[in-house]
Amino acid sequence: MSRLWRSVLDRLSVYDAGPPLEALADELGRPDLVRLSANENPLGPSPRAVAAINREVGRIHLYPDGGSTALRAALARRHGLDPNQLLIGNGADELIALIAAAAFEAGDEVVVPEPAFEPYTISATLAGARVVSSPLAGYDTDLADVRRKVTARTKAVILCSPHNPATTIIRRGPLRAFLEGLGEDSPLVVLDEAYIDFCDDPDHADGIALLGRHPRLIVLRTFSKIAGLAGLRVGYTAASAETIDRLNRVRAPYNVNRLGQVAALAALADAEHTEKTRRLVLEERAFLGAGLTKRGYTFPPSQANFLLVRVLDAPALRTRLMREGILVRDGADLGFPSHLRIAIGTHATNEKLLALL
Ligand SMILES: Cc1ncc(COP(=O)(O)O)c(C=O)c1O
């Protein structure tokens, strides 16, 4: 085998996303099983996106627009960018892989605050780069430590705010100071903002607003969370036109499918669903948080659509909740043993969860 396959694959294993929801519900005999383990939208998809898919479905024999032109134009208007500063991906996941494929090679170092969203490390390792870990300070990204780890070999720093799984944010002031401190010949700074729509701390950073001043910044966003389109796989990156040009050279010709493109375009215009989702998540985050605190649980203040809750016996509690119809994630899989990562559900789900606890 080693003659055929890249040796780096020996250091990777298959990403384990768990069994399909439907199969697990069958196995447990719980058709009412609710998944709070994947940070999905508790309201479901944008209804406007669903209508757009229904209108488009008879055209799926035609290849999609390889450049996702209409979606890029709409996002450019929304964010005050040039369409050349945007690239749409098959989920933000694909964009992480594209950055690695376009920028990283053997000998490069990539600084990652850890624990981190797993695909950062997988993509960097696959590209032959060395991941330099910067441990979180408790639940917070330690920018001073990240800065200390940047050397002449550093090709990129990969930051996540709000952080998955730690739920905390990087504040605007410290992020700006960090970017300024990297100077003119800065490495690439990837800022993953998959959960930015759930921030209500006025101090949270907005990577897109920083792009004008920091051309080596690469911002990641997704339609999976706020728009409820996780099953369609649509994410985007905003960066300098030069960065986007480089990334376009490594992407597949038709990387985003036809239904995903029209759905994302419709969801972007669906202010009602966006606002409903945001309000529900913010209200329920406060409700669930208060209920957990009352029961003696602790967790960092969340700016995301999930909580990272410290518990005594995470595997046992996870199993008990699953048998009762609520699936949560064991933090041990994410670098936080003795924690459960719990997505914010509907009010009824959160009440049930609190009752079980
Ligand atoms: C931090 C973070 N980045 C990126 C993604 C991937 O998003 P997408 O569904 O667009 O691939 C996720 C998904 O859970 C995430 O948690």
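Residues numbered from 1 in each chain as written. Predicted model: local features only at pLDDT ≥ 70, side-chain atom pairs only at ≥ 80, totals over all residues. Heavy atoms only, no water.

Moving on to unusual backbone geometry. Cis geometry is found at the peptide bond from Glu114 to Pro115, where omega equals 0°. Within the fold, Pro115 resides in the loop between β3 (109–114) and α5 (118–126). A cis amide bond links Asn164 with the next residue in sequence, Pro165, at an omega value of 15°. With respect to the secondary-structure elements, Pro165 resides in the loop between β5 (154–160) and α7 (172–182). (Helix = DSSP H or I, 4+ residues; strand = E, 2+ residues; numbered from the N terminus.)

By the criterion of burial, helix α10 (residues 258–268) is predominantly enclosed, with nine of the 11 residues buried. Those residues of α10 not exposed but buried are Arg258, Leu259, Gly260, Gln261, Ala263, Ala264, Ala266, Ala267 and Leu268. Close packing links the buried residues of α10 with α2 (47–56), α3 (69–79) and α11 (271–294). A distance of 2.9 Å separates the backbone nitrogen of Leu259 from a side-chain oxygen at the start of α10, and that oxygen is part of Asn257. (Buried < 20%, exposed > 50% of the residue type's maximum accessible area, 1.4 Å probe, protein only. Contact = heavy atoms within 4.5 Å. Polar contact = N/O pair within 3.5 Å; in protein donor to acceptor, adjacent residues only side chain to side chain.)

This brings us to the sheet that holds strand β7 (residues 217–222). Strands belonging to one sheet form pairs held by backbone hydrogen bonds; the direction of such a pair is parallel or antiparallel. Pairing is mixed across the open sheet formed by seven strands, whose spatial order is β2-β8-β7-β6-β5-β3-β4. Looking at the sheet topology across the chains shown, the edges are occupied by β2 (86–89) and β4 (130–135). Neighbouring strand axes in the sheet, compared pairwise and without regard to direction, differ in orientation by 20° on average. α3 contacts β2, β7 and β8 (235–238) of the sheet and is inclined by roughly 125° relative to β2. (Pairing = 2+ DSSP bridges. Axes fitted to C-alpha atoms, helices over the stretch in contact; angles between N-to-C directions.)

Before going further, it helps to examine the layout of surface pockets. Taken as a whole, the largest pocket holds about 1100 Å³ of empty space. Surrounding the largest pocket, 44 residues form its lining, Tyr15, Ser37, Ala38, Arg329 and Arg341 being those nearest its centre. At the level of elements, α1 (21–28), α4 (91–103), α5 and β11 (329–330) are the ones that each hand at least two residues to the lining of the largest pocket. Across the lining of the largest pocket, the residue classes break down as 21 nonpolar, nine polar and 14 charged. The residues that make up the lining of the largest pocket include at least three from each of domain 1 (7–45 + 271–356) and domain 2 (47–268). In this model, the second largest pocket occupies a volume close to 340 Å³. (1 Å grid on protein atoms, 1.4 Å probe; cavity = no way out; pocket = protein on both sides within 12 Å on 5 of 7 lines; lining within 4 Å. Points joined across faces, edges and corners; volume = space filled by probe spheres on them. Nonpolar A, V, L, I, M, F, W, Y, C, P; charged D, E, K, R; others polar. Domains from an automatic or database assignment.)

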